[in-house]
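# Coordinates in review
Each chain, written out:
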Amino acid sequence: MQTTKNIHTTLPFCTAQLWHCLALILFAMSGCTPKSQVDSVCIDDWELYLPQTNEWLAVQVPGDVMTDLLQHGRIDDPYMETNERTLQWVENENWVYRTRVLVSDHATESVLRFEGLDTYASIVVNDSLMLETDNAHRAYEVALPPSEDAWNIEVTLHSPVERGQAILDVQPRNIPVSNEMKPIGEQTSSVTRKPYYHFGWDWGPRLVSAGISGPVTIVPATQPQASSNRIQTTMAADGLAVISFTPDSTWPTGTWTLSHPNGTQEAVSVGHNGGSCTIASPEWWWPNGMGDQPLYRLTWTPDSPSLHSLHWNIGLRTIEWVREPDAWGQSFACHVNGVRVQARGANVIPTDFFTVRGSESELSRLQSAVDANMNMVRVWGGASYPSEQFYNFCDSAGLLVWQDFMFACAMVPSDSAYVANVEAEAVHQVKRLRHRPSLALWCGNNESQKAWETWGWPDLFELHGADSIATEEAYAAVFHQALPSVVASESNAFYWPSSPSRDSLAQYALDSGDEHAWHVWFDTLDFDFFSEHIGRFASEYGLQSLPDAWTLSKVGVRAFEDEALQFRQRSKMEWLEPGLDGWGMMRIYARRYAADPVTDDTLHTPLERWIYLTQFTQALGLREALERHRTSDGRYAGSLYWQLSDVWPTVSWSTVDYYGRWKLAHHAVQQANKPRCVQRAHGRTTETLIAFNDAPEALESTSLQVALLNIQGDTLHAENFAIDLPAFSHHDLDLGASFRTSKGILRWTWSDGAGNVLDKGTHLHAKPADVDWPDTTIETVWKGDSLVLTSDHVALGVRLQLEGVQFEENGFMLFPNEHKAVRFRTTGSQKAVRDALSVEHFAQYQ
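Keep in mind it's a predicted model, so treat the numbers as computed, not measured. (Residues numbered from 1 in each chain as written. Predicted model: local features only at pLDDT ≥ 70, side-chain atom pairs only at ≥ 80, totals over all residues. Heavy atoms only, no water.)

### Some points on the overall build of the protein
Filter applied, for reference: Helix and strand assignments come from DSSP, with helices taken as H or I runs of at least 4 residues and strands as E runs of at least 2, each series counted from the N terminus. Based on C-alpha atoms, the radius of gyration is set beside the globule rule, defined as 2.2 Å times the residue count to the power 0.38. By definition in these notes, contact holds between two residues if any of their heavy atoms fall within 4.5 Å. Shrake-Rupley sampling with a 1.4 Å probe provides the accessible areas, and residues are treated as covered by the protein chains on show and by no other component. Counting rule applied: Lys, Arg positive; Asp, Glu negative; His and chain ends not counted. A charged residue contributes its charge at one atom only: NZ of Lys, CZ of Arg, CG of Asp or CD of Glu.
Across its full length, the protein holds 16 helices and 46 strands. A globule of 846 residues ought to have a C-alpha radius of gyration of about 28 Å, and the protein, at 28 Å, matches this closely. Overall size of the protein, expressed as C-alpha extent along the three principal axes, is 90 × 65 × 65 Å. Taking contacts inside the protein between residues at least 6 apart in sequence as the whole, the part at least 24 apart equals 69%. For the protein, the accessible area works out to roughly 32,900 Å², and carbon and sulfur atoms hold 49% of it. Charged side chains of the protein number 61 positive and 104 negative; the gap between the two group centres comes to 4 Å.

### Thoughts on the packing of helix α7 (residues 416–433) against helix α10 (residues 466–490)
How we decide: Between N-to-C directions, angles cover 0 to 180 degrees, with each direction set by a line fitted to C-alpha atoms, over the stretch in contact for helices. Should the near helix be turned counterclockwise from the far one by less than a right angle, the crossing is left-handed, whereas a clockwise turn marks it as right-handed. Side-chain classes follow a simple rule in which Ala, Val, Leu, Ile, Met, Phe, Trp, Tyr, Cys and Pro form the nonpolar group, Asp, Glu, Lys and Arg form the charged group, and the remainder, Gly included, forms the polar group.
At a minimum axis distance of 9 Å, the contact between α7 and α10 shows a crossing angle of 35°. Judged by the twist between their axes, the crossing of α7 over α10 is right-handed. Mapping the contact onto sequence places Tyr418, Val419, Val422, Glu423, Ala426, Val427, Val430 and Lys431 in α7 and Ala477, Val478, Ala482, Leu483, Val486, Val487 and Glu490 in α10. Looking at the contact of α7 with α10, its residues break down into twelve nonpolar, no polar and three charged.

### Digging into the packing of aromatic side chains
Note the threshold: In this scheme Phe, Tyr and Trp rings, the latter by its six-membered ring, pair at centre separations within 6.5 Å, and the angle between planes marks the pair as stacked below 30 degrees, edge-to-face above 60, and tilted otherwise. The rule for a charge over a ring is simple: NZ of Lys or CZ of Arg within 6 Å of the ring centre, and within 35 degrees of the ring normal.
For the structure shown, the criterion picks out 58 aromatic pairs. Across from the ring centre of Phe692, 4.5 Å away, lies the NZ or CZ of Arg630, which sits over that ring. The ring centre of Phe815 lies 3.8 Å from the NZ or CZ of Arg747, which sits over that ring.

### Points about the confidence of the model for the protein
For the record, the criterion: Note on scores: pLDDT gives the predictor's confidence for each residue, bounded by 0 and 100.
Confidence in the prediction for the protein averages 93 pLDDT; 95% of positions are at 70 or higher. Low confidence marks residues 1–40, where pLDDT is under 50. Its contacts with residues over four positions away, or in another chain, come to 63 contacts.

### A closer look at the sheet that holds strand β23 (residues 333–336)
Within a beta sheet, neighbouring strands are joined by backbone hydrogen bonds and run either parallel or antiparallel to one another. We apply this condition: Pairing between two strands requires that DSSP report at least two bridges joining them.
Strand order in the open sheet formed by three strands is β20-β23-β24, and the pairing between neighbours is antiparallel. The sheet is open, and its two edges are formed by β20 (319–322) and β24 (339–341), each paired on a single side. Each strand axis lies, on average, 35° off the axis of its neighbour in the sheet, ignoring direction.

### Some thoughts on helix α14 (residues 582–593)
Residues that lie three or four places apart on an α-helix share one face, since the helix turns once every 3.6 residues. Our working definition: Expected helix span is taken as 1.5 Å per residue step, with the number of steps being one fewer than the number of residues. Contacts described as polar in this section are N or O atom pairs within 3.5 Å, which, within protein, must combine one atom able to donate a hydrogen with one able to accept it, while residues neighboring in sequence count only if both atoms come from side chains.
With twelve residues, α14 extends 16 Å between its outermost C-alpha atoms, agreeing within 8% with the 16 Å of an ideal straight helix rising 1.5 Å per residue. On its buried face, α14 is in contact with α11 (519–522), α13 (563–566) and α15 (606–630). A distance of 3.1 Å separates the backbone nitrogen of Trp583 from a side-chain oxygen at the start of α14, and that oxygen is part of Asp581.

### What to know about the side chain of Arg799
So the rule is basically this: Burial status follows relative accessibility: with a 1.4 Å probe on protein chains alone, a residue under 20% of its type maximum counts as buried, one over 50% as exposed, and anything between as partly exposed.
Along the chain, Arg799 turns up in strand β42 (residues 795–801). Residue class for Arg799 comes out buried when judged on its relative accessible area of 5%. A distance of 3.2 Å separates the side chain of Arg799 from the side chain of Gln801, its partner in a polar contact.

### A closer look at helix α5 (residues 359–371)
Over its 13 residues, α5 extends 19 Å from the first C-alpha to the last, a length consistent with the 18 Å expected when each residue adds 1.5 Å. Counting buried positions along α5 yields eleven of 13 residues, so the element is predominantly enclosed. The complete set of buried residues in α5 reads Ser361, Glu362, Leu363, Ser364, Arg365, Leu366, Gln367, Ser368, Ala369, Val370 and Asp371.

### Notes on unusual backbone geometry
Put simply, Val61 and Pro62 share a cis peptide bond, and its omega is 5°. Along the chain, the position of Pro62 falls in the loop between β2 (55–60) and α3 (65–71). Thr119 follows Asp118 through a cis peptide bond whose omega is -5°. Topologically, Thr119 is positioned in the loop between β4 (110–114) and β5 (120–125). A positive phi angle, close to 45°, is found at Glu81, a residue other than glycine. A residue is classified by how much of its surface remains accessible, and Glu81, at 40% relative accessible area, is partly exposed. Despite not being glycine, Asp127 has its phi angle at roughly 70°, a positive value. Inspection of the secondary structure assignment puts Asp127 in the loop between β5 and β6 (128–134). Note on Asp127: relative accessible area 78%, which makes it exposed.

### So, the nonpolar core
Basically, it comes down to this: Here, the term nonpolar core denotes a set of buried Ala, Val, Leu, Ile, Met, Phe, Trp, Tyr and Cys residues that are joined through side-chain atoms within 4.5 Å.
Formed by 146 residues in total, the largest nonpolar core has its most connected members in Trp46, Leu112, Val155, Ile212, Phe405, Phe407 and Leu546. Beyond its immediate chain neighbours, meaning those up to four positions away, Phe405 contacts Gly381, Tyr385, Ala426, Val430, Trp442, Cys443, Gly444, Asn445, Leu483, Val487 and Tyr495.

### A short note on the sheet that holds strand β3 (residues 95–102)
Taken in spatial order, the six strands line up as β2-β1-β3-β8-β5-β6 in an open sheet, and their pairing is antiparallel. Each edge of the open sheet carries a strand with a single partner, namely β2 and β6. On average, each strand axis in the sheet is tilted by 25° relative to the strand beside it, whichever way the strands run. As defined by bridge partners, β5 adjoins β6 across six bridges and the pair is classed as antiparallel. What sits directly across from Val125, in β6, is Ser128.

### As for the pattern of salt bridges
Selection criterion: Within this document, salt bridges are pairs made up of a side-chain nitrogen of Lys or Arg and a carboxyl oxygen of Asp or Glu, the two lying within 4 Å of each other.
Counted according to the given criterion, the structure contains 45 salt bridges. Of the charged contacts in the structure, one is a salt bridge between Asp548 and Arg661, with a shortest N-O distance of 3.5 Å. With a gap of 113 residues between them, Asp548 in the loop between β31 (537–540) and α12 (549–553) and Arg661 in the loop between β32 (638–641) and α16 (664–672) connect regions that are remote in the sequence. Between Glu624 and Arg628 there is a salt bridge, with the nearest N and O atoms lying 2.9 Å from each other. Placement of both Glu624 and Arg628 in helix α15 is noted, with a separation of four residues, approximately one turn of the helix.

Set out below in structure tokens:
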């Protein structure tokens, strides 16, 4: 456990090879057994039938039809140029996978288990139909029939569009869904339990593929599943902790042991109803930045050699969502171990459209979240439930998980079979994740309730009178009955019906619950809106930007006008202005806060202007949002922006692009999220700085040096302040009128009692667009693992680029005649050519 934690804290921006090693560590921690150790368990060698050529292609499972075809060179890369358009035929085909397994390698009574089937599948064993499935979000298993020599297994994956259309055609009314760009009556995502984003979203392609999406195993019929053991932790008043576990049914005989974080082990006594153990000096699990993440490990070792061991990692912590009246309305705050958590993080979607390819990138993007000082991620409901390694990472790194059920921007069918299918999915996922210390809550859906109430769906989908009532009843059956019932019966987790939504306990509804603060972007409001929006927890908001030119070049984009780039812009805002899309909205904000990306520029190409100015503006907006939420005097208890990363190379709201390259905004987020930092309080009548200490240790005799500078970099006023801060606290510092100005720069350095710098920061009192920035010359010198920069004037938004090099800071401000050392590390196998270093700053684009 300690080895993994060291990787998390000391190796940011890890290479793919290191991530592969980490993946293996986390895989072992999950309780799974690598195939090399138990050859009879994992069935991963399959064949895919290609009807066009009447041949069988060797493939690996888990997999996807499109990635299998791409691997064999039968289709073009779906991400390249506009190839997405030419691959829509795949969604209309049926696909057949097959394999052969020797009976002699397995127990007499064995079970065939699929961890993921996407989506409508028929499983045939030795010419007998054994199972039909209709849900990509749950596991299925079937008892294998007796056979003398082998099981010939065939899986037919039926066209999700054709099967979905057949279901849709018999619905008694239209079922609203927003993001599938098909005519009403052909939007099959509304009835198909498959990731919604496969049908297209405003940040991703439409590639409605199919596949055996999870591992396939053959296990003895008596082999229990880890999810069928309910683990609970309780904290006693005397400081003791109790770990108890209750198997859902009678398990085979075996021994139970508990390993402590310090390496000691103890045997656990087990009765017919489970067992428990008391920990005298418990080590508490904390979110990232608030303490450590010690994990206890419970192990069941079977007596039978034909069965395999199971493991559970357990973090001792209490978690509560506090919802009570306060000065702002009704609070909505996560408390861990009795301490309020200011949630700082992002929404996450798969790191590759084809999740089977996202194993390494999934870990890398989570590390980028940790490196940016996040303590929570929201698993958005329009995608898929993440892998075990995702939650292993979050457990060991202290990333709390806001977990949506997989519903987004859609209403649901009303038939009992659909509800039963959803219940089975929920039971599978809740039981799978209920022991995770990182799990913060379960949320019913993303924006479905808001869409029904405010997006005009009753008119658009002709749902009035009895049809409207029936639609609302179908919604309630899933999100107010089935899902909360499963969460309550199978776990101790908190359930929130929809995001965003208001709190039923609140006297004044608007001052409660969570909010998707999209009036910035979709309604063109200024960034000060982030101090004024409703709700008590910002669970979505964001701004678009372009990725680096290198990333775009990988998919054939060389110029801004290239169709390969233009067709990736899918954010539309026709209700504001006919034809307004993401390009127009990015331009609105860039002109307001920075400079117009569409202007005559002899030094830069249009693509270069769009990249720099949209990344610069996004960085300004996200940092201001995070700071406004954090300095809100308790009004907002969380700030989760949209979105961490991308499913393909594209223009989007992400701060880390598809290839893992940080945009300027991710560096800005990193600064705003620091557990110990100083931030200017927005929206107050006095000039106030707030010093935050979200760490578990007190800070005594710290020194805060504050200076007010003009745009030329001259110091107008400076003072030094002494600050003591207990653990988990903050301190408001009124600077007085001497520090107030309309266009100056507020600058500070905060140091501890030993002189170690805790934080350095700046605040510009005006929008960059409203300041006439001086022409600046920046000189650079390479020194060891650092690049030293010197400027002759104030330089805003300094952006460093060098292929094969990752800089620790970017988008920063330089001051005249001061040396700034920026550490770096090489990220590629080739040695970077330092002469190719690009140094840009905002004045060059103004």
